[in-house]
Amino acid sequence: LLWMSFMLDMTLSGGAPWSFHLANVILFSLTAGLIFLLVRRWTGQVGVAMAAALLWAIHPTRVESVAWISERKDVLSGLFFLLGLWFYTRAHDAGEGGNSSSPLRSRSTPIVLTWLCMLLGGMAKPIVMVMPVSLVLLDVWPLGRTDWTRIGRDIRGLVVEKWAFWSLGILLAWLAFQTQAGENAVASVPAGHRMAMIPIHYLFYLQKLVWPTALAPLQPDLPLLWWKMNVGLDVLVGVTILLWLFRIGAPWALWGWLWFVGLLFPLSGVVWAGLESVPLRFLYLPQIGLTLVVVMALAELGRKFRAGRRWVQALLVVLLLVCSDITLRTLSNWRDQNAFGLWIWECHPQQGNACAIGGDAYMALGKWADAM
């Protein structure tokens, strides 16, 4: 599906770069619109939906997935992923007249469409293998087929009924691994080292979400520092326990955190493949959960405190303006080949491929000494 979309661009424009960029922007815009529609349906709050969609779309970590033509795989697979969640939500709505916890076979048509969306998304990028995790989370909140107090009793049935999704997810994971292995792109890393690096990778991604600097591609491998591993582990466990304590009053908080942790897990270092172990484009789908948590938390603060609504709105505006500024400055580095090369080298001077690209940029500018 990914390559067919490139072929369509080529046929329509004869290979003009603008058509490839325009297609990415259109797909991305449709995805942001779907986030708005989904959050509005889940929460019933237009303001929360608008804020969540804007904050996710304008965040600087989106630039890599949209501006980089070859990352069409993110915007294309993400669109089908969210479209699948839309059909799954509709399946729940179709069952509201009866028992909302009834088996999925009673709402077969939208469930089949959900599975087809997962298949189409997987034909663009195999990361949609995580869709069954998101469906189970949707069963807890906002669909209410179970809740955090009954999850231990209901989890087995909710997982088993999605056997078709798990089967497709396993197939996509296997195909992705075989493809990477066939291209000798899978790094041979000891299992112990991979497991130790997972908390460090989570900590890295959280840092980039809060403080988005050095956003150029070709992120270098992170060193194994035991103190960072312990901090990352403490954050993962501590935040999970804290949000579990608030699971009754704010079920969406634990939901959003587990969405982030669960959807990012296959990309957190379980398998190392490609030139980067921590590309920022991996945040494309996992970040949706954390974004909704931030917006919902601010909305709750605005409701609980007198005159808090205006302060929350002002804070959201400031957040959007800051993200917009960083995003525009990041985007400017993608508009010129030489500026792009120098930016990658300045961000990652210890990364071999980044140095090669930076050297090419200096050569193109005639700065031979700097190129050497």
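Presented here is an overview of the structure given in this document. (Residues numbered from 1 in each chain as written. Predicted model: local features only at pLDDT ≥ 70, side-chain atom pairs only at ≥ 80, totals over all residues. Heavy atoms only, no water.)

Some details on the overall build of the protein chain
Scanning the protein chain for helices and strands turns up 17 helices and zero strands. Since a compact globule built from 372 residues should have a radius of gyration of about 21 Å, the 21 Å found for the protein chain is in line with a globular shape. In the protein chain, the share of contacts with a sequence separation of at least 24, taken over all contacts with a separation of at least 6, comes to 74%. Summed over all atoms, the accessible surface of the protein chain reaches about 18,300 Å², with 68% contributed by carbon and sulfur. Looking at the protein chain, you have 27 positive and 20 negative side-chain charges, and the mean spots of the two groups are 10 Å apart. (Helix = DSSP H or I, 4+ residues; strand = E, 2+ residues; numbered from the N terminus. Rg over C-alpha atoms; globule rule 2.2 N^0.38 Å. Contact = heavy atoms within 4.5 Å. Areas by Shrake-Rupley, 256 points an atom, 1.4 Å probe, with all protein chains shown as cover. Lys, Arg positive; Asp, Glu negative; His and termini not counted. Charge placed at Lys NZ, Arg CZ, Asp CG, Glu CD.)

Thoughts on the packing of helix α3 (residues 46–58) against helix α13 (residues 287–304)
As a packed pair, α3 and α13 sit with axes 9 Å apart at the nearest point and diverge in direction by 135°. When the axes of α3 and α13 are compared, the pair comes out oblique. For the element pair α3 and α13, the recorded crossing hand is right-handed. Contact residues: Val48, Ala51, Ala52, Leu55 and Trp56 in α3; Gln287, Ile288, Thr291, Leu292, Val294, Val295, Met296 and Ala299 in α13. Residue composition of the contact of α3 with α13, grouped by class: eleven nonpolar, two polar and no charged. (Axes fitted to C-alpha atoms, helices over the stretch in contact; angles between N-to-C directions. Parallel < 35°, antiparallel > 145°, perpendicular 65-115°, else oblique. Left-handed = near helix turned anticlockwise from the far one by under 90°. Nonpolar A, V, L, I, M, F, W, Y, C, P; charged D, E, K, R; others polar.)

Things to note about the pattern of salt bridges
Evaluated as defined, the whole model comprises 14 salt bridges. A salt bridge links Lys162 to Asp139; its shortest N-O distance comes to 2.6 Å. Separated by 23 residues along the polypeptide, Lys162 in the loop between α8 (151–160) and α9 (163–182) and Asp139 in helix α7 (residues 131–140) bring together distant segments of the chain. When sorted by exposure, Lys162 lands in the same class as Asp139, which is buried. (Salt bridge = Lys/Arg side-chain N within 4 Å of Asp/Glu carboxyl O. Buried < 20%, exposed > 50% of the residue type's maximum accessible area, 1.4 Å probe, protein only.)

Details of empty space enclosed by the protein
In the structure shown here, the tally under the stated rule is two cavities of 30 Å³ or more. Taken as a whole, the largest cavity spans an internal volume of roughly 70 Å³. The wall of the largest cavity is formed by Asp74, Ser77, Lys125, Ile127, Leu267, Arg281, Phe282, Tyr284, Leu285 and Pro286. Taken together, the residues of the lining of the largest cavity break down into six nonpolar, one polar and three charged. Computed from the structure, the second largest cavity encloses a volume of approximately 30 Å³. Its residues placed into classes, the lining of the second largest cavity shows five nonpolar, two polar and one charged. (1 Å grid on protein atoms, 1.4 Å probe; cavity = no way out; pocket = protein on both sides within 12 Å on 5 of 7 lines; lining within 4 Å. Points joined across faces, edges and corners; volume = space filled by probe spheres on them.)

Some details on unusual backbone geometry
A cis amide bond links Trp141 to the next residue, Pro142, at an omega of 5°. Note on placement: Pro142 falls in the loop between α7 and α8. Of note, the phi angle at Ala214 is positive, near 50°, even though the residue is not glycine. Inspection of the secondary structure puts Ala214 in the loop between α10 (191–210) and α11 (226–245). Assessed through its relative accessible area of 31%, Ala214 is described here as partly exposed. Although it is not a glycine, Leu218 adopts a positive phi angle of roughly 65°. Structurally, the position occupied by Leu218 is in the loop between α10 and α11. Take Leu218: its relative accessible area is 9%, and that puts it in the buried class.

So, to be careful, I would describe these as geometric facts and stop short of saying anything about function.
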